[in-house]
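Here is how the chains run, residue by residue.
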Amino acid sequence: GAGVSQSPSNKVTEKGKDVELRCDPISGHTALYWYRQSLGQGLEFLIYFQGNSAPDKSGLPSDRFSAERTGGSVSTLTIQRTQQEDSAVYLCASSLVWRDLEDTQYFGPGTRLTVL
Amino acid sequence: QKEVEQNSGPLSVPEGAIASLNCTYSDRGSQSFFWYRQYSGKSPELIMSIYSNGDKEDGRFTAQLNKASQYVSLLIRDSQPSDSATYLCAVKDTNAGKSTFGDGTTLTVKP
């Protein structure tokens, strides 16, 4: 079946503008994760959803970042008043059962965000 | 101290050699451990997962877990140039739900 999809694949924006990043998880996957990866760095956890609720928002860098998930499926990550330090690749992943020991996360292709 | 630490790279091995990648973690509540491979410009993909102490083998890959030492490793036997990538160690506390990733180790296999 289809994998995790993300849109847009690339986004260039001006400092101060708002952006929305979209993630379509694998059908039937209950857990959805957002990460950020700066050039040459590891994955920085942002937020995850179990169904439509977000038990852990601790990774969101500031109150300019927010995310929602509707219908247990599509998720949107919104960054308000973007700053240059927000430039990174934003990765979304989904998994079948978040509490399963061997729960595998499947990653989307990412959205490369560049803030000028 | 980072929650998940990986041996600093880059790591370079000749083709056919064994590559050894190491990872330590600080949270003793961690229950599941994953190795992901990430090619340049691509997304991470799962290679192996392990949650019991000992070794787990899958083809040329062997994951080793020692919970007492809070240590997990990945061995790649008969390394191939196609194994050249960044390897990410991820540690998950299934009660908390989230996974914490290390910064990765970049492996280069030279023909």
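Residues numbered from 1 in each chain as written. Chains lettered and ligands numbered in written order. Predicted model: local features only at pLDDT ≥ 70, side-chain atom pairs only at ≥ 80, totals over all residues. Heavy atoms only, no water.

1. What to know about the overall build of chain A
Worth spelling out the cut-off: Elements are defined by DSSP. Helices are runs of H or I of four residues or more, strands are runs of E of two residues or more, and each kind is numbered from the N terminus. Atoms counted for the radius of gyration: C-alpha only. Globule rule: 2.2 Å times the number of residues to the power 0.38. We call a residue buried when its accessible area falls under 20% of the maximum for its residue type, exposed when it is over 50%, and partly exposed in between, using a 1.4 Å probe and counting protein chains only. Residue contacts are defined here by distance: any two heavy atoms, one from each residue, within 4.5 Å place the two residues in contact. Only the protein chains shown count as cover for residues, and the accessible areas themselves come from Shrake-Rupley with a 1.4 Å probe.
For chain A, the helix and strand inventory stands at zero helices and 11 strands. In sequence order, the secondary structure elements of chain A are arranged as β-β-β-β-β-β-β-β-β-β-β. Here the C-alpha atoms of chain A give a radius of gyration of 13 Å, agreeing with the 13 Å that 2.2 N^0.38 yields for 116 residues. Its C-alpha atoms give chain A principal-axis dimensions of roughly 40 × 25 × 25 Å. Classification of the 116 residues of chain A by burial places 47% in the buried group. Pairs at least 24 residues apart make up 55% of the contacts formed inside chain A by residues separated by at least 6 positions. Summed over all atoms, the accessible surface of chain A reaches about 5500 Å², with 46% contributed by carbon and sulfur.

2. Details of the pairing of strand β5 (residues 45-50) of chain B
Residues and elements named next belong to chain B. Counted only if it meets this: Should DSSP find at least two bridges between two strands, the strands are taken to pair.
Pairing analysis gives five bridges linking strand β4 (residues 32-38) to β5, with the strands arranged antiparallel. Bridging from a neighbouring strand, Phe33 pairs with Ile50 of β5. With antiparallel pairing between neighbouring strands as the criterion, β4 and β5 make up a hairpin whose turn holds six residues, including Gly41 at a positive phi of roughly 80°.

3. Quick notes on the nonpolar core
Quick note on the threshold: As used in this record, nonpolar core signifies buried Ala, Val, Leu, Ile, Met, Phe, Trp, Tyr and Cys residues forming a set joined through side-chain atoms within 4.5 Å.
One finds Trp35, Val72, Leu74, Ile76 and Tyr87 of chain B to be the most contacted residues of the largest nonpolar core, which totals 23 residues. Elements with a contribution of two residues or more to this core: β3 (19-25), β4, β5, β7 (61-66), β8 (71-76), β9 (85-92) and β11 (105-110) of chain B. Not counting residues up to four positions away in its chain, the partners in contact with Leu74 of chain B are Ala19, Ser20, Leu21, Trp35, Ile47, Met48, Phe61, Thr62, Ala63 and Tyr87 of chain B. Judged by nonpolar contacts, the second largest core, of 19 residues, contains Val19, Phe49, Phe65 and Ile79 of chain A.

4. Considering the environment of Cys23 of chain B
Residues and elements named next belong to chain B. Tracing the backbone shows Cys23 in strand β3. Separated by 65 residues in the primary sequence, Cys23 and Leu88 have C-alpha atoms spaced 9.0 Å apart. Sequence-distant contacts of Cys23, defined by excluding residues within four places in its chain, comprise Val4, Glu5, Gln6, Trp35, Gln70, Tyr71, Val72 and Cys89.

5. Some words on the confidence of the model for chain B
Counted only if it meets this: One confidence number per residue, pLDDT, is output by the predictor and ranges from 0 to 100.
For chain B, per-residue confidence averages 92 on the pLDDT scale, and 97% of positions sit at 70 or higher. Within chain B, no element has a lower average pLDDT than strand β10 (residues 99-101) of chain B, which sits at 89, and none a higher one than β8 of chain B, at 97.

6. A look at the sheet that holds strand β7 (residues 65-69) of chain A
Residue and element names in this part refer to chain A. Filter applied, for reference: Each axis is a line fitted through C-alpha atoms, taken for helices only over the stretch in contact, and angles between the N-to-C directions span 0 to 180 degrees.
The four strands are arranged β1-β3-β8-β7 in an open sheet whose pairing can be described as antiparallel. The outermost strands of the open sheet, each flanked by one partner alone, are β1 (5-7) and β7. The mean angle between the axes of side-by-side strands here comes to 15°, regardless of whether they run parallel or antiparallel. Two elements, β1 and strand β3 (residues 19-24), share three bridges in a ladder whose sense is antiparallel. Among the inter-strand pairings, Gln6 is bridged to a residue of β3, identified as Cys23.

7. Examining the environment of Asp56 of chain A
Spelled out, the test is: Polar contacts, as counted here, are pairs of nitrogen or oxygen atoms within 3.5 Å of one another; within protein the pair requires one atom able to donate a hydrogen and one able to accept it, and residues that are adjacent in sequence qualify only if both atoms are side-chain atoms.
Locating Asp56 of chain A in the fold gives a position in strand β6 (residues 53-56). A residue is classified by how much of its surface remains accessible, and Asp56 of chain A, at 15% relative accessible area, is buried. Sequence separation of Asp56 of chain A and Leu46 of chain A is 10 residues, and the distance between their C-alpha atoms is 8.7 Å. Discounting residues that sit within four places of it in the chain, Asp56 of chain A has contacts with Phe45, Ile47 and Tyr48 of chain A together with Lys98 of chain B. There is a polar contact of 2.5 Å between the side chain of Asp56 of chain A and the side chain of Ser58 of chain A.

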